[in-house]
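# Report on the structure
These are the residues of each chain, in order.
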Amino acid sequence: MADLDHVREALRASMTAWAILEIRGDQAHVRSAPDLDELAVHLERVDPNWSLTWGCDSVSPCVVRARLSVLGTVREGLATAPSLADAKLAALGEAARLYGVAPATEGHWVEYDPEDGPNTADLESDPRPESAARPAQLSPEPPRDPQMEKARQHIEDLIEQLKVVGKNKEAARILMRGYGETVEESRAIYKELSAILKG
């Protein structure tokens, strides 16, 4: 089996970009992710035959799959984001997490300007091995409907279960329309995802 320590070092060294996961008004939820240019430089030293391929499962919302292959080991990340560029970064960040490199937090809420983007100037990326990651702590976020929050969490838990059994492609098709705008819509989406898991 390949020694992945050098791969993890390369991924950690490249975790200098920020992917926008969600935008709410003048706030954006961001998470650190590998910068593509830096990643290429670092991985080239580890494995000249490394490869990265992308798959777009949906454009509204943007659902992207990143498949990273280094030293014969393949990891695939799947992510949803407001734009294709951010979904690509977030999916690559998910692939890095599956190699054992994860940010210390699940993300940060920062000020967001449509022209200037998220204000990440005060943030430091802090990737750590999965085993050393601190418990997730989000910066204070804008208020959200507690029922919608609960519904969203149920859907996300179910998505994780679907990933484990390799049915995330089917889930992505259902999530093309998002998590639902109302609790009723979210429940309907949850039922559809449950059916896939049981089927």
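Summarised in this report is the structure supplied together with it. (Residues numbered from 1 in each chain as written. Predicted model: local features only at pLDDT ≥ 70, side-chain atom pairs only at ≥ 80, totals over all residues. Heavy atoms only, no water.)

### Re empty space enclosed by the protein
Following the criterion strictly, the structure yields one cavity of 30 Å³ or more and no others. The wall of the largest cavity is formed by twelve residues, among which Arg31, Ser32, Ala90, Gly93 and Glu94 lie closest to the centre. Secondary structure elements with two or more residues in the lining of the largest cavity: β1 (17-24), β2 (27-33) and α3 (84-98). The element best represented in the lining of the largest cavity is α3, accounting for five residues. (1 Å grid on protein atoms, 1.4 Å probe; cavity = no way out; pocket = protein on both sides within 12 Å on 5 of 7 lines; lining within 4 Å. Points joined across faces, edges and corners; volume = space filled by probe spheres on them. Helix = DSSP H or I, 4+ residues; strand = E, 2+ residues; numbered from the N terminus.)

### Here's the deal with the pattern of salt bridges
Tallied over the full model, the rule gives nine salt bridges. Arg67 is the partner of Glu76 in a salt bridge, and the nearest nitrogen-oxygen pair spans 3.5 Å. Among the residues examined, Arg67 registers a relative accessible area of 42% and is labelled partly exposed. Within the structure, one salt-bridge network assembled from shared partners comprises Asp57, Arg65, Arg67 and Glu76. (Salt bridge = Lys/Arg side-chain N within 4 Å of Asp/Glu carboxyl O. Buried < 20%, exposed > 50% of the residue type's maximum accessible area, 1.4 Å probe, protein only.)

### Structural notes on the layout of surface pockets
Empty space within the second largest pocket amounts to approximately 210 Å³. Residue assignment for the lining of the second largest pocket shows that the elements contributing at least two residues are α4 (146-164) and α6 (183-198). Of the residues assigned to the lining of the second largest pocket, the class counts are four nonpolar, three polar and three charged. (Nonpolar A, V, L, I, M, F, W, Y, C, P; charged D, E, K, R; others polar.)

### Observations regarding α4
When the terminal C-alpha atoms of α4 are compared, their 27 Å separation across 19 residues agrees well with the 27 Å that a helix rising 1.5 Å per residue should span. If you follow the buried residues of α4, they end up packed against α5 (168-174) and α6. (Expected span 1.5 Å × (residues − 1). Contact = heavy atoms within 4.5 Å.)

### Points about the pairing of β1
β1 sits mainly inside the fold: seven of its eight residues count as buried. Pairing of β1 with β2, which is carried by seven bridges, proceeds in the antiparallel orientation. Bridge pairing in β2 places Glu22 opposite His29. The antiparallel pairing of β1 with β2 creates a hairpin that spans two residues between the two strands, and Gly25 there sits at a positive phi of about 65°. (Pairing = 2+ DSSP bridges.)

Remember, this is a structural readout, not a statement about activity or role.
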